[in-house]
Amino acid sequence: MALPKLIVSDVDGTLLTGFNEVNKRTRDVLGRCIDAGIKVILATGRPPVTAKVIIEQIPHSGIAICANGAITYDIEQDSVTQHDNIDQSVGLEVINILRAVEPQLLFGTATSSGLWYEPMAADDGNAKAWPIANCAPSIEALFAHPAFKLIGWHAKNEPLASRGPELAQAVAGKVYLTWSGEHWVEMSSLGVNKATAVERVCAQWGIEANDVLAFGDMPNDIEMLEWAGTGVAMGNATPDVLAIADAVTEAHYENGVARYLEKLLAQH
């Protein structure tokens, strides 16, 4: 396999080997990739405010894809260069649709002013655990500031991943719905995902899809892994991710990304 021109990696369950930790082995091999002329970026479901702790640990090429593709973040300038927001009327319609499917759903948003959760979630442990999150005065106020991500979870903390396809079907044609964990569903503006954001960056840098190597583990990585010339699933990836991957590496806690890149560099 030829060396790629771009490496793009998911964060949680992929690049991290511990809580908010990229270990030295992974940092070192990413640095070697950059020294070899390969660009390196992250593509995460996190908003910039919670992605920064990871970005600060790794060698990178100046930008990061955040919020499942809704945000392109300029690291050096600490600014957002591209954002795709959910219209308030669409967001409220989606909330009503999903509540009709599952009345126990609670909702929050990631916005230009921070993270917000609805009044019904004021006493919910999941909402209170969010970093720098605030309770909105009304559900309409979830969209008072440009919202690039709508998040849903169960009031009784029941897993939602198994219901992901059902929930996605309910809001098909209105938003892009995915999930990166058992207990949350995440929504972006229609047509926005990690692949569309990476494709836009590649167009700016003159890089073809065939020259992209991507790593991921969850359904919110599927479009990106399918679009990239080589999509690599982690050993801990969900079955649907493993099914579409071009290759599989070891699990994130076994340094899967580092091991794959070390073997790749050793061939050149």
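One structure accompanies this document, and this report is about it. (Residues numbered from 1 in each chain as written. Predicted model: local features only at pLDDT ≥ 70, side-chain atom pairs only at ≥ 80, totals over all residues. Heavy atoms only, no water.)

What to know about the pattern of salt bridges
So, point 1. According to the stated counting rule, one finds 14 salt bridges in the structure shown.
So, point 2. Across the salt bridge formed by Asp28 and Lys24, the nearest N and O atoms sit 2.6 Å from each other. A residue pair is termed a helical-turn pair when its members lie 3 or 4 positions apart in one helix, as Asp28 and Lys24 do in helix α1 (residues 24-35) at 4 residues.
So, point 3. One salt bridge connects Lys52 with Asp78, and the closest N-O pair in it is separated by 3.1 Å. You can see Lys52 sitting in helix α2 (residues 48-55) and its partner Asp78 sitting in the loop between β4 (71-74) and β5 (79-83), a full 26 residues away along the chain.
So, point 4. In this structure Lys52 comes out as partly exposed when scored by relative accessible area, which is 28%.
So, point 5. What makes Asp78 partly exposed here is its relative accessible area of 46%.
So, point 6. Bridged by salt links that share partners, the residues Asp10, Lys194 and Asp221 form one connected network. (Salt bridge = Lys/Arg side-chain N within 4 Å of Asp/Glu carboxyl O. Helix = DSSP H or I, 4+ residues; strand = E, 2+ residues; numbered from the N terminus. Buried < 20%, exposed > 50% of the residue type's maximum accessible area, 1.4 Å probe, protein only.)

Details of the state of the cysteines
So, point 1. Summed over all chains, the structure comprises 0 disulfides.
So, point 2. No disulfide involves Cys202; its sulfur sits 16 Å from the nearest other cysteine sulfur, which is in Cys33. (Disulfide = S-S within 2.5 Å.)

With respect to the pairing of strand β3 (residues 63-66)
So, point 1. Along β3, one buried face is formed by Ile63 and Ile65 and the opposite face, lined by Ala64 and Cys66, is buried too.
So, point 2. Of the pairings in the sheet, the one linking strand β2 (residues 39-43) to β3 comprises 2 bridges and is parallel in character. The residue of β3 that forms the bridge with Leu42 is Ala64.
So, point 3. With α2 bridging β2 and its parallel neighbour β3, the resulting β-α-β unit is right-handed.
So, point 4. Pairing of β3 with β4, which is carried by 4 bridges, proceeds in the antiparallel orientation. When the bridges of β4 are listed, Ile65 appears paired with Thr72.
So, point 5. What sits between β3 and β4 in their antiparallel hairpin is a turn of 4 residues, with Ala67 showing a positive phi close to 55 degrees. (Pairing = 2+ DSSP bridges. Right-handed = clockwise from strand over helix to strand, strands pointing away.)

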